[in-house]
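As a plain string of letters, each chain reads:
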Amino acid sequence: MRRALSAALGIGGLGVARTLYEWRRMNSIEEHDAEAFLPTPQQAQSLPLVHRKGLLTEAEVRSLVEAVPALRAKGAGVFSRTADSIVPSEAGTWQTTYVHTDQLFQKNFAPLFKKLRAAALEADSAHWGIAKEAPGELSVRVIEVHEVSVAGALNHPYHFDAGSVVTIDLMLSEDEDYTGGEFETLELDGSSNRPNFQQGDVIIFPSHKYHSVQPVQSGLRRVLIMELWFGETRTCPHRCELHWGKCSYSDHYEKWFSRLVHGKEGTPTAEW
Ligand SMILES: [Zn+2]
């Protein structure tokens, strides 16, 4: 479909109304295809959470936690939020590092990435069967490390990861590092499922399943979250909304970064 889109643009050009119409029509079909097969949040609610104890060793978790500042130094996107996780803030109660930026996590932690990806896909094929409904293979939409201090919460019972297929959360903190911050899902019968989520464990769920995090009461809670979707592998330094095509956020980020490093705007590359 992308080849067809390029051909349409190449032959007609953007100045031809019919071509622009074609472009819009094809683009909307692509975006629709990217999410049409996903369960609705109501359907996802009946699908079970998968909790795998100790998927990663303490040493693997430690190496990852220690590398986060270095990944930031290499250009991983960073975003700080207020306690309610919505409003940007320098205070950084909730700091997110987008470690999939330029595939930094995939390159620097290849075995861990493969283990997490395999666990996510296994959970889906064993319990939900969503990925097989997708028109093609799933890719990484986002891999983010959340560092949440006191009062930080995702306190919205009907929150879900819209547009993604599978979400996998990896606990990086030890039990004694924080209190509060319990992860929970809202089940179909109205009950909450609160897994005993400990360091090295992963919890895997359909991205459209309602989930939330209670306020952190003390300490610092660290988790790594990966979302797989049907779309391109994203390398832009944020949680992208665009399934295909060049992301303007990346463009902006690259220009900013290029100015910072080279003192001028660089030439956009294929990855960006
Ligand atoms: Zn993007």
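Thresholds applied
- Residues numbered from 1 in each chain as written.
- Predicted model: local features only at pLDDT ≥ 70, side-chain atom pairs only at ≥ 80, totals over all residues.
- Core = buried A, V, L, I, M, F, W, Y, C linked by C-beta atoms within 7 Å.
- Buried ≥ 20, exposed ≤ 12 C-beta atoms within 10 Å, placed from the backbone.
- Helix = DSSP H or I, 4+ residues; strand = E, 2+ residues; numbered from the N terminus.
- Contact = placed C-beta atoms within 7 Å.
- Pairing = 2+ DSSP bridges.
- pLDDT = per-residue confidence, 0-100.
- Axes fitted to C-alpha atoms, helices over the stretch in contact; angles between N-to-C directions.

1. Overview of the nonpolar core
In terms of nonpolar packing, the biggest core is built from 49 residues, with A120, I168, L170 and I204 touching the most fellow members. Looking at this core, the elements that each hand over two or more residues are helix 4 (58–73), strand 3 (94–98), helix 5 (104–108), helix 6 (110–128), strand 4 (139–148), strand 5 (166–171), strand 9 (202–206) and strand 12 (221–229). Apart from the residues within four sequence positions on either side, A120 is in contact with V166, I168, I204, M226 and L228.

2. What about the sheet that holds strand 10 (residues 211–213)?
Read from one edge to the other, the open sheet built from three strands follows the order 8-7-10, with strand pairing classed as antiparallel. The open sheet has two free edges, formed respectively by strand 8 (192–193) and strand 10, since each of these has just one partner strand.

3. Quick look at the pairing of strand 9
Of all five residues making up strand 9, five are buried, and the element is well covered by its neighbours. Relative to strand 9, strand 1 (residues 50–52) runs antiparallel, the two being bridged by three bridges. Residue H51 lies in a different strand from strand 9, and its bridge partner there is I203. Pairing of strand 5 with strand 9, which is carried by five bridges, proceeds in the antiparallel orientation. Along strand 9, the bridge assignment pairs D169 with I203.

4. So, the environment of K209
Tracing the backbone shows K209 in the loop between strand 9 and strand 10. Sequence separation between K209 and P39 is 170 residues, and the spatial gap between their C-alpha atoms is 8.9 Å. Once residues lying within four places of it in the same chain are set aside, the contact partners of K209 are A44, Q45, L47, F160 and T185.

5. A look at the confidence of the model for the protein
Taken residue by residue, the protein gives an average pLDDT of 83. The fraction at 70 or more is 76%. For the stretch residues 264–272, pLDDT sits under 50, and the model shows 13 contacts to residues farther than four places along the chain or on other chains.

6. Considerations on the sheet that holds strand 5
Spatially, the seven strands line up as an open sheet ordered 1-9-5-12-4-3-2, and their pairing is antiparallel. Sheet topology places strand 1 and strand 2 (77–81) at the edges, where each strand pairs with a single neighbour. Here the strands of the sheet are splayed against their neighbours by 20 degrees on average, with no regard to which way each runs. Strands in contact with helix 4 are strand 2, strand 3, strand 4 and strand 12; relative to strand 3, the strand with the most contacts, it is inclined by about 75 degrees.

7. Some points on the environment of E227
In this fold, E227 is placed in strand 12. Residue classification places E227 among the buried positions, given that 22 C-beta atoms sit within 10 Å. Filtering out sequence-adjacent residues up to four positions away, E227 remains in contact with R141, V142, D161, S164, T167 and S207.

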